[in-house]
Amino acid sequence: MKKSCSNSSSSDKDTSPRLKLLDQKYSIIRNLGGTINTKAHLVKDVTNSDILAIKIAQKEEKGELEREYDFLSTFDHSNIIKPHIFISEGNLIREDDRKFLGSKTEDDEEIDAEEWTYFTLKFYENGDLFENISRGGPVHEGIARYYFLQLVSAIEYLHLRNVAHRDLKLDNILLDDNFQVMLIDFGFAEEWRFKKADILDDWGKAKIMGTKGYISPEQFYNDGKDPIWLKKCDIFALGVVLFILLKGVRPFESPTKDDEYYQYLMLKKNNYFWKMHQSKRRDFSNMAFSILSHEVKSLVWDMLNPDPNKRPDISEIKEYPWFWKKELLSDEEIRKLMSERVLN
């Protein structure tokens, strides 16, 4: 879900009204997270008992949802979620014993229905990568590489269409019914345009966008006048995602000079950075696969480079030895391994 960088946790307090019935069709089961402007809910379609996810906003905020829906509805990639219907003026009634819109109270007063905007999505019971890592700890390189290749494919698809996600994080990567990744939440997505007929302007607004811990350093140090290299923001966040998959913790709290761990990246002290994580952080070091290969360390290190000009783009990432390793887990192996993690 779309988050503000100052308060980006999916556990943000839900200030929306307690809601029960949407358009006499969707019964709201529970809140799935969100922000001040938008919420996600788990719902049941009362006409056929299907369980879905709904992203919803009050009518005055519908522009944000329309924009996100427009993005998602144009994409066609196996690792990017597809939206279902979009309703610009849906009606919600508050949670009580009243069953249908248009009914009256004991005092013969009309029920006060509120207009909201929403779109529906498939709900995946396997949750997201954040939940999976939080419960089961890091994954070994084989699993991480399997998912990384899928994410690279999805991000490459977006970048070739002049779109940056701007909020890549484990929470926004679902696991579908077959444990394949599904990229969600395009509330911060940004498109860049052509300046001239043959020159691509892939720079965007300098406003900080994303979630703490995944935001690229150039956004913090920008004075608000210079544009941000959108694609490289995604690459940095993808590097953080890969690190957490492998180590079970974030590589740093914030990519600034005040952060103890990020200082080593700024000073180009590669060995110290990895040693710090191995010795001082709760990184599940008792697990056999906590010792990472040189190839994956090299890739992560470059993706987290403080200088966006030296950060590889997607085409360059695909040239790294770790990306091109011959060994790749099969879909069946992934289903087995990830099913065991969920059960445990």
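A brief look at the structure comes next.

Rules used in this analysis
- Residues numbered from 1 in each chain as written.
- Predicted model: local features only at pLDDT ≥ 70, side-chain atom pairs only at ≥ 80, totals over all residues.
- Heavy atoms only, no water.
- Helix = DSSP H or I, 4+ residues; strand = E, 2+ residues; numbered from the N terminus.
- Buried < 20%, exposed > 50% of the residue type's maximum accessible area, 1.4 Å probe, protein only.
- Contact = heavy atoms within 4.5 Å.
- Areas by Shrake-Rupley, 256 points an atom, 1.4 Å probe, with all protein chains shown as cover.
- Phe/Tyr/Trp six-rings, centres within 6.5 Å; stacked < 30°, edge-to-face > 60°.
- Lys NZ or Arg CZ within 6 Å of the ring centre and 35° of its normal.
- Core = buried A, V, L, I, M, F, W, Y, C linked by side-chain atoms within 4.5 Å.
- Pairing = 2+ DSSP bridges.
- Salt bridge = Lys/Arg side-chain N within 4 Å of Asp/Glu carboxyl O.

Moving on, we get to the overall build of the protein. Helix and strand counts for the protein come out as 10 helices and 14 strands. In the protein, which comprises 344 residues, the proportion classed as buried is 51%. For the protein, long-range pairs separated by at least 24 residues make up 68% of all intrachain contacts whose partners lie at least 6 apart in sequence. On the protein, roughly 17,100 Å² of surface is accessible, and the fraction owed to carbon and sulfur atoms is 49%.

The final tally for this structure, using the stated rule, is 16 aromatic pairs. Their ring planes at 25° and their centres at 6.2 Å tell us that Phe 71 and Phe 75 sit as a pair that is stacked. Among the residues examined, Phe 71 registers a relative accessible area of 11% and is labelled buried. Among the aromatic residues, those joined into a cluster by ring pairs are Phe 71, Phe 75, Tyr 157 and Phe 186. The ring centre of Tyr 157 lies 3.6 Å from the NZ or CZ of Arg 161, which sits over that ring. Its guanidinium or amino end placed over the ring of Trp 229, Lys 232 lies 4.1 Å from that ring's centre, counting from NZ or CZ.

Residues Tyr 147 and Phe 148 are the most contacted members of the largest nonpolar core, which totals 75 residues. Setting aside its immediate chain neighbours within four residues, Phe 148 contacts Leu 238, Leu 242, Leu 299, Met 303, Ile 317, Trp 322 and Phe 323. Core analysis: the second largest hydrophobic core is formed by 9 residues, Leu 22, Val 43, Ile 54 and Ile 56 among them.

A positive phi is found at Ser 49, a non-glycine position, where the angle reads about 70°. By secondary structure assignment, the location of Ser 49 is in the loop between strand E3 (38-45) and strand E4 (51-58). Its identity as a non-glycine residue notwithstanding, Arg 166 has a phi of 70°, on the positive side. Note on placement: Arg 166 falls in the loop between strand E7 (163-164) and strand E8 (173-175).

As a further point, take the pairing of strand E2 (residues 26-34). By the bridge criterion, 7 bridges tie E2 to E3 in an arrangement that is antiparallel. Of the residues in E3, the one forming a bridge with Asn 31 is His 41. In this structure, the hairpin formed by E2 and E3 is closed by a connection of 3 residues.

Turning next to the pattern of salt bridges. For the coordinates displayed, the defined rule picks out 10 salt bridges. Ionic pairing is found between Arg 311 and Glu 218, a salt bridge with its closest N-O pair at 2.8 Å. With a gap of 93 residues between them, Arg 311 in the loop between helix H8 (294-303) and helix H9 (314-317) and Glu 218 in helix H4 (residues 217-221) connect regions that are remote in the sequence. Each member of the pair, Arg 311 together with Glu 218, is buried.

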